[in-house]
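Residue-level structure breakdown
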Amino acid sequence: MIKKLTPAVCVLIFLFLTLCACDAGNEEIQPEAKIATDSSGNKYSVVVDVNGFLSLGDRDSLAVCTTDENGNPGKNSDGEFVTRAEDFPDTLVVENEIHTRFFRMPVPEGWTNISDEIVKLSSGTAKLTINDRGITPVKECTEEIKNIMSAIGEGKEEKAELQFADAVKLTYENRISVYIFEAEGRTYFIRVTADEKLFEEINFEEIINTIKFRKGE
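Now for a quick tour of the structure. Bear in mind that the values here come from a model prediction, so they are computed numbers and not experimental data. (Residues numbered from 1 in each chain as written. Predicted model: local features only at pLDDT ≥ 70, side-chain atom pairs only at ≥ 80, totals over all residues. Heavy atoms only, no water.)

Regarding the overall build of the protein
Put simply, the rule is: In this description a helix means any DSSP run of H or I spanning at least four residues, a strand means any run of E spanning at least two, and both kinds are numbered starting from the N terminus. Each residue's exposure class comes from its accessible area (1.4 Å probe, protein chains only) as a fraction of the maximum for that residue type: buried when under 20%, exposed when over 50%, partly exposed otherwise. Should any heavy atoms of two residues lie within 4.5 Å, those residues are counted as being in contact. Surface exposure here means Shrake-Rupley accessible area, sampled with a 1.4 Å probe, where a residue is shielded only by the protein chains that are shown.
Across its full length, the protein holds four helices and 15 strands. Counting all 217 residues of the protein, 37% fall into the buried class. For the protein, the proportion of contacts with a sequence separation of at least 24, taken over those separated by at least 6, is 45%. Only carbon and sulfur atoms are counted for the fraction: they give 49% of the accessible area of the protein, which is about 13,700 Å².

Notes on the pattern of salt bridges
What counts, and what does not: Salt-bridge detection follows one rule: a side-chain nitrogen of Lys or Arg within 4 Å of a carboxyl oxygen of Asp or Glu.
Counted by the stated rule, this structure contains 13 salt bridges. The partner of E95 in a salt bridge is K34, with the nearest N and O atoms 3.5 Å apart. With E95 in the loop between β5 (92–94) and β6 (97–99) and K34 in strand β1 (residues 32–37), the pair connects residues that are 61 residues apart, well separated along the chain. The residue E144 makes a salt bridge to R133 at a minimum N-O spacing of 2.8 Å. Here R133 lies in the loop between β10 (126–132) and α2 (138–149) and E144 lies in helix α2, a separation of eleven residues in the sequence. Judged by its relative accessible area of 27%, R133 falls in the partly exposed class.

A look at the environment of L162
Position of L162 relative to the elements: it lies in the loop between β11 (156–161) and β12 (166–172). Residues L162 and Y179, spaced 17 residues apart in sequence, show a C-alpha to C-alpha distance of 9.6 Å. Beyond its immediate sequence surroundings of up to four residues, L162 is in contact with A167, F181, E205, I208 and N209.

Examining the nonpolar core
In plain terms, the rule: For our purposes a nonpolar core is just a set of buried Ala, Val, Leu, Ile, Met, Phe, Trp, Tyr and Cys residues, chained together by side-chain atoms within 4.5 Å.
Counting residues in hydrophobic clusters, the biggest one holds 29 residues, and the most contacted among them are W111, L128, I130, F181, I190 and F204. Looking at this core, the elements that each hand over two or more residues are β7 (103–106), β9 (119–123), β10, β13 (176–183), β14 (186–193) and α4 (204–208). Residues within four places of I190 in sequence aside, it is in contact with L128, T129, I130, S177, V178, Y179, F181, I208 and I211.

Comments concerning the sheet that holds β10
Counted only if it meets this: A pair of strands counts as paired when DSSP detects no fewer than two bridges linking them.
Strand order across the open sheet formed by seven strands is β8-β9-β10-β14-β13-β12-β11, with antiparallel pairing between neighbours. One side of each edge strand has no neighbouring strand; the edge strands of this open sheet are β8 (112–113) and β11. Where β8 and β9 come together, two bridges link them in antiparallel fashion. Bridge assignment links T112 to a residue of β9, and that residue is S122.

What is shown is where atoms sit, not what they do.
Now the structure itself:
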């Protein structure tokens, strides 16, 4: 004969299950050691922090893990990775993601990273290039680009609402667009080009919105 549970017992069971679920959902994300590769094929054992960025050393250098004789990253008595500082290469690739000191971006499916010094992606005739202009004001950067592109003609200027910033968007001949914006205290411009057919087909802003910028200190 099955006995019915009293309301008090039901409440206790509910509270127990709720607490178990909370504990399972509150597992702290830990930094991970992963392998990064530079444009020359050199490999680094790096620490990916809880936000997905590569850990930095002093003066924005790259924090590289010290390793034992078997190549395993070393940890101290507190369980933290032991690192040394090295110069941060222009770009590093970790798995399928490109990292710089200031941002990271997954390589879209069907695209290839084709540059050593800047982030430049290619897919057929389509190209996407990210340029870091540091502390140059957006307005000044915009005027410089307009002057450079004046040989093509006067571009169409409009506002583009990206997920991380409002951008100035300049479009030329329905095959070139340049996005100029500020993110985390630095100015960037992203140039996208393609033949007219691909230019209409590819959602470039969807790709741009996958970029994650490191929070300023």
